[in-house]
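So you can see what is in the structure, the chains are spelled out below.
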Amino acid sequence: MTSRQRAEEGRTEHTPAPPAPCRIVVCRDCCCGTPKVTGVDHDRQIARLAESAPVRISACLDVCEHANVIVVQPSAAARAAGARPVWLGLVNDPDATDDIAAWVQAGGPGTAPCPDILDLYTFTPPRRAR
């Protein structure tokens, strides 16, 4: 048997990789994720979000007045179709974290409509923070 025959024999039908999901950026620095924001289990918040999508911990996003800040980034396909990151601030209660996780599991920005309840947390960051 030639090496080519062996390679063809071992070949399986190509299954494309699933599309890249949306991602979550969680600010954790000088204000967000610190005792300055009281009554929040910051570690549990990250763990809960990580159940839904990849989470990246960021240094200060320079919007401390909105601590705790979470940015939901659209999937690559949604971004290519025009979706933009959604900035959420004052995410300091487990119900809000659960709402974000559910939205991300449904597809996030550009794929699933943002739940009305999250309008309470959405803000436009200053240009310097984008």
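Residues numbered from 1 in each chain as written. Predicted model: local features only at pLDDT ≥ 70, side-chain atom pairs only at ≥ 80, totals over all residues. Heavy atoms only, no water.

(A) View of the sheet that holds strand β3 (residues 70–73). Ordered by their spatial adjacency, 4 strands build an open sheet running β2-β1-β3-β4, and the pairing between neighbours is mixed. Edge positions in the open sheet fall to β2 (55–58) and β4 (86–88), since each of these has one partner strand only. Each strand axis lies, on average, 20° off the axis of its neighbour in the sheet, ignoring direction. For strand β1 (residues 23–27) and β2, the ladder comprises 4 bridges, and the chain directions are parallel. What sits directly across from C27, in β2, is S58. Running over the sheet, helix α2 (residues 42–50) touches β1, β2 and β3 and is turned about 145° from β2. Helix α4 (residues 94–105) rests against β1, β3 and β4 of the sheet, and its axis sits at about 10° to β3. (Pairing = 2+ DSSP bridges. Helix = DSSP H or I, 4+ residues; strand = E, 2+ residues; numbered from the N terminus. Axes fitted to C-alpha atoms, helices over the stretch in contact; angles between N-to-C directions. Contact = heavy atoms within 4.5 Å.)

(B) Highlighting the packing of α2 against α4. The N-to-C vectors of α2 and α4 enclose an angle of 20°; their axes lie 9 Å apart at closest approach. Relative to α4, the element α2 is oriented roughly parallel. Crossing geometry of α2 relative to α4 is assigned as right-handed. In this structure, α2 uses Q45, R48 and L49 to contact α4, whose residues at the interface are T97, D98, I100 and A101. Taken together, the residues that form the contact of α2 with α4 break down as 3 nonpolar, 2 polar and 2 charged. (Parallel < 35°, antiparallel > 145°, perpendicular 65-115°, else oblique. Left-handed = near helix turned anticlockwise from the far one by under 90°. Nonpolar A, V, L, I, M, F, W, Y, C, P; charged D, E, K, R; others polar.)

(C) Looking closely at α4. With 12 residues, α4 extends 16 Å from end C-alpha to end C-alpha; this agrees with the ideal 16 Å at 1.5 Å per step. Within α4, the full set of buried residues consists of A96, T97, I100, A101, W103 and V104. Along the axis of α4, the buried positions cluster into a sector of 160°, meaning they face one direction only. Opposite its buried face, α4 presents the exposed residues P94, D95 and Q105, each directed more than 90 degrees away. Capping the start of α4, D93 holds a side-chain oxygen 2.6 Å from the backbone nitrogen of D95, two or three residues further along. Positive phi shows up at G107, right after α4, with a value of about 130°. (Expected span 1.5 Å × (residues − 1). Buried < 20%, exposed > 50% of the residue type's maximum accessible area, 1.4 Å probe, protein only. Arc of directions from axis to C-beta. Polar contact = N/O pair within 3.5 Å; in protein donor to acceptor, adjacent residues only side chain to side chain.)

(D) Quick peek at the pattern of salt bridges. Using the criterion set out here, one finds 3 salt bridges in the structure. A salt bridge links R44 to E51; the nearest nitrogen and oxygen atoms lie 3.4 Å apart. Exposure remark for E51: the relative accessible area of 47% places this residue in the partly exposed category. Salt-bridge contacts for R48 lead to D98; the nearest nitrogen and oxygen are separated by 2.8 Å. With R48 in helix α2 and D98 in helix α4, the pair connects residues that are 50 residues apart, well separated along the chain. Each of R44, R48, E51 and D98 takes part in a single network of salt bridges with overlapping partners. (Salt bridge = Lys/Arg side-chain N within 4 Å of Asp/Glu carboxyl O.)

Everything listed is a geometric property; what it means functionally is a separate question.
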